[in-house]
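What the coordinates show
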Amino acid sequence: MDLGERIQSLYAKYGSLKGITIELHKQLIAVSVRNEAASATIFLQGAQLAEYKRAGEHPLIWLSDQCDYQSGTPLRGGIPICWPWFGDLSRNPKAVKNQICGSDQPAHGFVRDREWELIAVELPDTETTRITLKLEVAADEIWKFPAALRVIITVGTELSLQFQVTNLGAEPFSFSHALHAYFNIGDIEGVRVEGLEGYDYLDTLDNWTLKKSNFPLQINAEVDRVYPDVAKELRITDRKLNRTIKIEAMNLSDLVVWNPWIDKSKRLSHFGETDYTQMLCLESARLLDNIVCLTANETYKCTVRYSFN
Ligand SMILES: O=P(O)(O)OC[C@H]1O[C@@H](O)[C@H](O)[C@@H](O)[C@@H]1O
């Protein structure tokens, strides 16, 4: 099916549902959701939630103005799904690395730029819309294990994402992964991340040295950290937007905190030089000692709830 036919078929299936619009952003198809509580935009490529906004409020999720909406290029911002490895493949445990053929792979796995299928749109009440996307991954030259992935996005007074993986083959496989959320913030110098105090982290900018967080985290330089086994509930307090964002992760033990600051911003794709002041990534993840191993027919599920007040 070409792009036009795909849009037509999605429109025929879901276009008459209240608050649902099928959109084309240059080369990419998105489903736009609007209900009494909130609005959101979800791209089929990568099952990537790109926007979420509660009615009358500032957007919760940051999306770059410089996205080019081209097939094969993940959008900068939103909540990319990183799977079956997170970050640099060479930094993943052997169980993940050894499954991947070819070491010269892009960061964050290969499902960010795959076309997912929209399989359900549900409207349980006037303030809630639930969107389900699915991707079947076949054994190929990079990855040898058939798997079914699902992302269930609930748009309402809060936003939630459930990620599921089922092993469809006979062999077990392992993966790391993350829901790489970019939060929209008023000004990076006025935010604090609370809930990490007392936890250890690996400072990837200092040769992965193990360090301890003693205070709520304030960001005034480049940050790229992996926190293994963190609290299930974290908060971002944002002085400028006068709000507190709550992140509740279920079955996701780890967290990555990332802000590129000034120099790295200049090297990033689709990222303006001062965009680092408006975003902060808190990425709920399963990494390092907490990677997931699935045997035949087994299903893994995790959920993150994002809310603010
Ligand atoms: O440019 P990408 O592949 O989307 O990655 C962005 C960032 O993603 C973060 O998760 C990593 O910790 C950073 O090191 C990385 O730069």
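As recorded in an unreviewed UniProt entry, the chain goes by Putative glucose-6-phosphate 1-epimerase and comes from Neptuniibacter caesariensis. Under the heading Sequence similarities (unreviewed entry), UniProt records this for the chain: "Belongs to the glucose-6-phosphate 1-epimerase family."

Around the ligand, the neighbouring residues are Arg76, Phe86, Ala107, His108, Arg112, His180, Asp224, Val256, Trp258, Lys264 and Glu283. For the ligand, an oxygen atom lies 3.0 Å from a polar atom in the side chain of Arg76. In the environment of the ligand, an oxygen atom lies 2.9 Å from a nitrogen or oxygen atom belonging to the side chain of Arg112. Compared with its free state, where it exposes 390 Å², the ligand has 80% of that area covered by protein. Taken together, the residues that form the shell around the ligand break down as 4 nonpolar, 2 polar and 5 charged.

The UniProt record marks His180 and Glu283 with the feature "active site" (unreviewed entry), using the residue numbering of this structure. A stretch of 104 residues holds the annotated residues, and the largest C-alpha distance among them is 4.4 Å, short enough that they meet in one place. Locating His180 in the fold gives a position in strand 11 (residues 177–184). The exposure class assigned to His180 is buried, which follows from its relative accessible area of 4%. Discounting residues that sit within four places of it in the chain, His180 has contacts with Gly78, Ile79, Pro80, Cys82, Phe86, His108, Trp258, Cys281 and Glu283. Structurally, the position occupied by Glu283 is in strand 20 (residues 279–286).

Okay, the nonpolar core next. By size, the foremost hydrophobic cluster in this structure holds 89 residues, and its most contacted members are Trp83, Leu149, Leu159, Phe163, Phe183, Leu280 and Tyr306. Ignoring sequence-local partners within four residues, the contact set of Leu280 consists of Ala181, Tyr182, Phe183, Ile185, Ile188, Val191, Val193, Ile219, Ile236, Val257, Trp258 and Asn259.

All right, on to the pairing of strand 22 (residues 299–308) then. Counting buried positions along strand 22 yields 7 of 10 residues, so the element is predominantly enclosed. Bridging between strand 9 (residues 159–167) and strand 22 involves 8 bridges; their strand directions are antiparallel. Along strand 22, the bridge assignment pairs Phe163 with Cys302. Taken together, the 6 bridges between strand 18 (residues 243–250) and strand 22 define a ladder with antiparallel strand orientation.

Its location among the elements puts Asn290 in the loop between strand 20 and strand 21 (292–294). Distance in space between the C-alpha atoms of Asn290 and Pro228 is 8.1 Å, their sequence separation being 62 residues. A polar contact of 2.8 Å, which involves the side chain of Asn290, links it to the side chain of Asp254.

Here we take up the sheet that holds strand 14 (residues 209–212). Read from one edge of the open sheet, 7 strands run 5-11-20-19-16-13-14, paired in antiparallel fashion. For this open sheet the edge positions go to strand 5 (81–82) and strand 14, each flanked by a neighbour on one side alone. Bridge analysis of strand 16 (residues 223–227) against strand 19 (residues 254–259) gives 5 bridges, and the strand direction is antiparallel. Across the sheet, Arg225 pairs through a bridge with Val257, a residue of strand 19.

Cut-offs and rules
- Counting from 1, residues in each chain are numbered in the order their sequence is written.
- Selection of residues for local features in this predicted model requires a pLDDT of at least 70, selection of side-chain atom pairs for listing and counting requires 80 or more, and totals for whole chains, interfaces and linings are taken over all residues.
- Working from all heavy atoms in the structure, the side-chain values ignore hydrogens and water.
- UniProt positions are given in the numbering used here, feature names are shortened, and annotations may be inferred rather than shown by experiment.
- Near, as used in this document, describes a residue that has one of its heavy atoms within 4 Å of the molecule or strand being considered.
- Here a polar contact is recorded for every N or O atom pair within 3.5 Å, except that within protein the pair must consist of a potential hydrogen donor and a potential acceptor, and residues adjacent in sequence are included only if both atoms are side-chain atoms.
- In these tables, accessible area is a Shrake-Rupley quantity obtained with a 1.4 Å probe, and a residue counts as shielded only by the protein chains included in the view.
- Each residue is assigned to one of three groups, with Ala, Val, Leu, Ile, Met, Phe, Trp, Tyr, Cys and Pro labelled nonpolar, Asp, Glu, Lys and Arg labelled charged, and all others, Gly among them, labelled polar.
- Helix and strand labels come from DSSP, where a helix needs a run of H or I of at least four residues and a strand needs a run of E of at least two; each type is numbered from the N terminus.
- Working definition: with a 1.4 Å probe on protein chains only, accessible area under 20% of the residue-type maximum means buried, over 50% means exposed, and in between means partly exposed.
- Contact definition: two residues touch when any of their heavy atoms are within 4.5 Å.
- Here, the term nonpolar core denotes a set of buried Ala, Val, Leu, Ile, Met, Phe, Trp, Tyr and Cys residues that are joined through side-chain atoms within 4.5 Å.
- Think of it this way: DSSP has to see at least two bridges between two strands before they count as a pair.

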